[in-house]
Each structure stands twice: as C-alpha cells, then as structure tokens.
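# Summary of the model geometry
The lines below spell out each chain.
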Amino acid sequence: MQRPELRENSEMRAYCPECKSICTFHSRNPDQGGNHYSSFSVNFSAEEILSAGKDENGYPYNRVIYHAYKCGGCGRGGMSASYISTKNSKKLKEFYPSAITHELLPGTLPEEIKKEYKEAEICFGNRCNRAASAMIRSTLEKILKANGYKEENANGFDNMWLTTKIKEATKDGVLTSARGERAKNDIKVLGDEVVHRDWREVTDEEVKNALQYALWIIRDLYDDRATTEEILQTKGRL
Ligand SMILES: [Zn+2]
C-alpha cells in the first residue's frame, strides 16, 4: 500500500490509475518555462488554524494550497491539497487520484477473510487509521478461527481469546514464534487499544506494520495450503 508522497521539488509520487503503477506527477509545466500549473490558496479561520496543528518547528498551519499536477507517464491530471505554515513549511493532506492499491492474496484464502483484509486496506488508503487497525485485528482473529483456533460453546460463540489463538498457533508451529510475537504486539494490542482505550492518533507506520504482518500470516497459512492443512489435522485443529 503506497500513499502519495510529496517530494522536495514539488513533485508527487503517487499511484496512477491509468498507468497502473507508481508515477511521478509534475507540478511544473516544461512548455511554459517551468511555471507551476494552476494553484490557489485559501486562508484558514482562527478555528481551523487550531485544528490544523503545527509544523515540525511549532509554527501553526494557517492556510491550504491546492495544486494541479500532470502524470509524467500518461499525462492525466492530479490535484493536491497541502497545509502551509506561517513559516511556509508544507504538509500534504490529500492527493487526487486517490487510488487504493490491493495486495494480491492467495487464492485459497476464504472469501470473507479476503474482504476483511481489503477493507482494512481501503480504510488505510482513506487515512482512517483507527478503523484500519480494528479491521486488521478482526482479519487476524478470523484467520485463526478459520484454522481451528476456537472454542465454541453450545450457542456457537467462540470463547477463545485472540492471545490464546496466537499462542496455540505458535505452539503448533503454523506460526513461527517471531511471527506470533509480532501478531500479538503489532496487530492485537493495536486493535484492542483502538476499541477499548482512550482516543489517540494511530500513525501510518503502525498501520503499515500491522497490514504487513497480517499479510505475512496470510501467506504463512495459505500459500502452501496442503502442508498447513496436514499440520492442522495432525494437531487436531481441522
Ligand atoms: Zn499516469
């Protein structure tokens, strides 16, 4: 999953849906002496300045600038919105086209787990990091449950805690102990915090990590499904 990235020279690295790859979008027109394509800025109200936050040196963001871009590959247009501080430092807020890329998942992965993981990617692509964290935790839980890590009562309710699921899967050898540890720390704890603790901002790095570990776990369990199923049957899970 690649988010648009603003480079030093005002170029943007972002996914282009026409080129179907990460491209450089240019903000300057080489045919017009390198002038910027169209742009305009809008000043923030006092209230907006407060909610926009500050730059890395503590100066408040007091306006937003909108810039037109052109894809270096196919020439399609793009538009960015960046916050500008009173000392002119810039922070990218949004870029259009905001195409969301999806990882290729193993064909043997159950459809509902694929959908859950994709929804986490869509949340992250739309900068809903807290929602993404909860979806990744849910993906992990569903993967382990689908592999027999569950204790269902008479009503079909699964009583096995996610920590236990991870521990049992590690004990059976379907997850390495390093992977089990990351699943607990980077996915379960993060998801629990979002749902049960006080509000806090979840960073892009945290979500990227969680998505990455969930993906590795999916591949551990589904890339060579026949071998995994053999182990699960030996351990009495399936
Ligand atoms: Zn393009």
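Worth saying up front: this structure is predicted, and the values here are computed from it rather than measured.

So, on to the nonpolar core. A120, I136, L140, I187, A210, A214 and I217 are the most contacted members of the largest nonpolar core, which has 30 residues in total. Where this core is concerned, the elements lending two or more residues are α2 (111-125), α3 (129-146), α4 (162-172), α5 (177-196) and α6 (204-222). Among residues more than four places away in sequence, those in contact with I136 are A120, I187, G191, A210, L211 and A214.

The subject of this paragraph is the domain arrangement of the protein. For interface size, the figure often reported is the accessible area lost on association. By domain assignment, the protein separates into domain 1 (5-96) and domain 2 (111-234). Domain 1 and domain 2 are separated by 35 Å when their C-alpha centres are compared.

With 0 of its 5 residues buried, strand β6 (residues 39-43) lies for the most part at the surface. Across 5 bridges, β6 lies against strand β7 (residues 61-71) in antiparallel orientation. Each bridged residue has a counterpart across the sheet, and for V42 the counterpart in β7 is V64.

Let's shift gears to the packing of α2 against α6. Closest axis-to-axis distance for the α2/α6 pair is 11 Å, and the angle between their directions is 160 degrees. Considering their axes alone, α2 and α6 lie roughly antiparallel with respect to each other. α6 is crossed by α2, and the crossing has left-handed handedness. When α2 is examined against α6, the residues Y117, A120, E121 and F124 are found in contact with a partner set consisting of V207, L211, A214 and I218. Taken together, the residues that form the contact of α2 with α6 break down as 7 nonpolar, no polar and 1 charged.

Let us look at the environment of N62. The residue N62 is located in strand β7 in this model. For N62, a count of 17 C-beta atoms within 10 Å corresponds to the partly exposed category. In the structure, N62 is positioned 12 residues away from L50 in sequence and 8.8 Å away in space, judged by C-alpha atoms. When residues no more than four places from it in sequence are discounted, the contact partners of N62 are N43, F44, I49, S85 and T86.

Once that is clear, we can look at the environment of L162. With respect to the element layout, L162 can be found in helix α4. Spatially, the C-alpha atom of L162 lies 19 Å from that of K114, the residues being 48 residues apart in sequence. Beyond its immediate chain neighbours, meaning those up to four positions away, L162 contacts E141 and K188.

This part takes up the environment of Y66. Mapping Y66 onto the fold places it in strand β7. On the neighbour-count criterion, Y66 (14 C-beta atoms within 10 Å) is partly exposed. Along the backbone, Y66 and S82 are 16 residues apart, and their C-alpha atoms lie at a distance of 6.6 Å. Excluding residues within four positions of it along the chain, Y66 makes contact with S39, F40, M79 and A81.

Looking now at helix α7 (residues 225-234). Each α-helix turn comprises 3.6 residues. Residues three or four places apart therefore point the same way. By the criterion of burial, α7 is predominantly exposed, with just 0 of the 10 residues buried. A positive phi of about 75 degrees marks G236, the residue just after α7.

Now for unusual backbone geometry. Omega for the bond connecting Y96 with P97 falls within 30 degrees of zero, at 10 degrees, which places this linkage in the cis form. By the secondary structure assignment, P97 is in the loop between β9 (90-96) and α2. You will see that R127, though not glycine, has its phi angle at about 65 degrees, which is positive. Mapped onto the elements, R127 comes out in the loop between α2 and α3.

The next thing to look at is the pairing of β9. Note: strand β8 (residues 77-85) against β9, 6 bridges, orientation antiparallel. When the sheet's bridge partners are listed, S82 is paired in β9 with L92. Turn length for the β8-β9 hairpin, with the two strands adjacent in sequence and antiparallel, is 4 residues, and the turn residue N88 shows positive phi of about 65 degrees.

Conventions used here
- Residues numbered from 1 in each chain as written.
- Predicted model: local features only at pLDDT ≥ 70, side-chain atom pairs only at ≥ 80, totals over all residues.
- Core = buried A, V, L, I, M, F, W, Y, C linked by C-beta atoms within 7 Å.
- Buried ≥ 20, exposed ≤ 12 C-beta atoms within 10 Å, placed from the backbone.
- Helix = DSSP H or I, 4+ residues; strand = E, 2+ residues; numbered from the N terminus.
- Contact = placed C-beta atoms within 7 Å.
- Domains from an automatic or database assignment.
- Pairing = 2+ DSSP bridges.
- Axes fitted to C-alpha atoms, helices over the stretch in contact; angles between N-to-C directions.
- Parallel < 35°, antiparallel > 145°, perpendicular 65-115°, else oblique.
- Left-handed = near helix turned anticlockwise from the far one by under 90°.
- Nonpolar A, V, L, I, M, F, W, Y, C, P; charged D, E, K, R; others polar.

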